[in-house]
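Fold and geometry: a report
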Amino acid sequence: MKRPRIAIPEIDQDVKNYTRAVFAAGMEPVVISVQAEQLQQKLQQEYLDYSLFRAENYDGLLIPGGGDINPIRYGQENQGSIMIMDALDELQFAVLDDFVKQRKPVLGICRGHQVINVYFGGTMIQHLPTAFRHSRRLDEPDKVHRCIAEEEGWLAKLYGTEFPHNSAHHQAVDCLGEGLIIDSHCLEDGTVEAMHHSVLPIYSVQWHPERMCLAWERDDTVNGLLVLQFFCRMCGGNPEAFAALAKSEIMGDRMGL
């Protein structure tokens, strides 16, 4: 059984949690990157022309978490956005554009959820009034809260209509991008926690399923691996065929991912 190849675009980030979870869910993670100064010098098209960056060579795209999107991209001044990396914006929006045009599956996680919303013309709440429910310091574990999922939606089919998950963000979706549909929201304050596109195979969560599975599985949340396995199926894979082997390899720390 062949593993779907999943592109993970990043710059200067540790994405091992993502690669291990992607592998455990039955996919082959491929981290793609480029030097920040090359993108900042407007040479991105030269590098995106290489096969490493082309959507046609992958079965799906995972956009990982990270800092905030530059508010210029959704027509606002900075009103609380932090850790902005214009080079990362350039890379991830360009790669996402290629996957959208080829109608290939996309999964956005945390920042990736926000990138998808802005790509389709949506806007962001730059700092939530209720950020204390969602954000954490770097030396703290993720926050946990409950969400309400839409009945018959993809998340409800995995976890039911109400379930707890982790949280580590201070921004949130404001105006929804064109074609996007809300799949879940925070029980306490209504923050948009998950979406999908009405026509394209694009899904996103504001939380971190890769930090709720395998060695990071928690007693106070659902198992995040189900989200990655769902994505594997969307990309044409069979996660059950690899589950036992992948988990034993990861738990034994024998992988170089």
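Residues numbered from 1 in each chain as written. Predicted model: local features only at pLDDT ≥ 70, side-chain atom pairs only at ≥ 80, totals over all residues. Heavy atoms only, no water.

**Overview of the environment of Glu 193**
With respect to the secondary-structure elements, Glu 193 resides in strand β10 (residues 192–197). Owing to a relative accessible area of 0%, Glu 193 belongs among the buried residues under this scheme. Leaving out residues up to four positions away in the same chain, Glu 193 has contacts with His 113, His 134, His 145, His 165, His 169, Ser 184, His 185, Cys 186, Ser 204, Val 205, Gln 206 and Trp 207. (Helix = DSSP H or I, 4+ residues; strand = E, 2+ residues; numbered from the N terminus. Buried < 20%, exposed > 50% of the residue type's maximum accessible area, 1.4 Å probe, protein only. Contact = heavy atoms within 4.5 Å.)

**With respect to the packing of aromatic side chains**
Counting across every chain of the model gives eight aromatic pairs. Taking the centre distance of 6.4 Å and the plane angle of 35° together, the rings of Tyr 58 and Phe 99 count as tilted. Of this pair, Tyr 58 sits in the loop between α3 (44–48) and β3 (60–63) while Phe 99 sits in helix α4 (residues 86–101), placing them 41 residues apart in sequence. Note on Tyr 58: relative accessible area 2%, which makes it buried. On the numbers, 5.0 Å between centres and 85° between planes, the contact of Tyr 203 with Phe 230 is edge-to-face. (Phe/Tyr/Trp six-rings, centres within 6.5 Å; stacked < 30°, edge-to-face > 60°.)

**Some points on the pairing of strand β6 (residues 143–149)**
The sheet contact formed by β6 and strand β7 (residues 162–167) spans six bridges and is antiparallel. In the sheet register, Ile 148 faces β7, and the bridge partner there is Glu 162. Pairing between β6 and strand β9 (residues 180–186): three bridges, direction antiparallel. What sits directly across from Ile 148, in β9, is His 185. (Pairing = 2+ DSSP bridges.)

**A closer look at the sheet that holds strand β11 (residues 202–205)**
Spatial ordering of the open sheet is given by β2-β1-β3-β4-β11-β10-β9-β6-β7, a layout of nine strands whose pairing is mixed. Across the chains shown, the open sheet's two edge strands, defined by having one partner strand only, are β2 (28–32) and β7. Adjacent strand axes in the sheet meet at a mean angle of 25° when their direction is disregarded. Note that β3 and strand β4 (residues 106–109) share three bridges and pair parallel. Note that in β4 the partner of Leu 62 across the bridge is Leu 107. Running at roughly 155° to β2, helix α1 (residues 16–24) makes contact with β1 (5–9), β2, β3 and β4 of the sheet. Helix α7 (residues 225–234) contacts β1, β3, β4 and β11 of the sheet and is inclined by roughly 160° relative to β4. (Axes fitted to C-alpha atoms, helices over the stretch in contact; angles between N-to-C directions.)

**Some thoughts on the side chain of Gln 114**
Tracing the chain through its elements places Gln 114 in helix α5 (residues 111–119). With near-sequence residues (within four places) excluded, Gln 114 lies in contact with Ile 69, Met 124, Gln 171, Ala 172 and Gln 206.

**Details of the pattern of salt bridges**
A side chain of one charge can pair with a side chain of the opposite charge when the charged atoms of the two come close. Tallied over the entire structure, the rule returns 11 salt bridges. Here Asp 220 and Arg 218 are joined by a salt bridge, their closest N and O atoms 2.9 Å apart. Judged by its relative accessible area of 38%, Asp 220 falls in the partly exposed class. Through salt bridges with shared partners, a single network forms among Arg 73, Asp 89, Glu 90 and Arg 111. (Salt bridge = Lys/Arg side-chain N within 4 Å of Asp/Glu carboxyl O.)

**A few points about the packing of α4 against α5**
Axis separation between α4 and α5 bottoms out at 11 Å; the angle between their running directions is 65°. Taken together, the axis directions place α4 and α5 in an arrangement best described as roughly perpendicular. The two elements α4 and α5 meet at a crossing, and its hand is right-handed. Residues Leu 88, Asp 89, Gln 92, Phe 93, Leu 96, Asp 97 and Val 100 of α4 form the contact with α5, whose own contacting residues are Arg 111, Val 115, Ile 116, Val 118 and Tyr 119. Grouping the constituent residues of the contact of α4 with α5 by class yields eight nonpolar, one polar and three charged. (Parallel < 35°, antiparallel > 145°, perpendicular 65-115°, else oblique. Left-handed = near helix turned anticlockwise from the far one by under 90°. Nonpolar A, V, L, I, M, F, W, Y, C, P; charged D, E, K, R; others polar.)

**Some words on unusual backbone geometry**
Glycine aside, the phi torsion of most residues is negative, and most peptide linkages are trans. Positive phi, normally seen in glycine, also occurs at Glu 152, with a value near 70°. Among the structural elements, Glu 152 can be located in the loop between β6 and α6 (154–159). The exposure class of Glu 152 is exposed, given its relative accessible area of 66%. Here the phi dihedral of Leu 214 falls at roughly 55°; this positive angle occurs in a residue that is not glycine. With respect to the secondary-structure elements, Leu 214 resides in the loop between β11 and α7.

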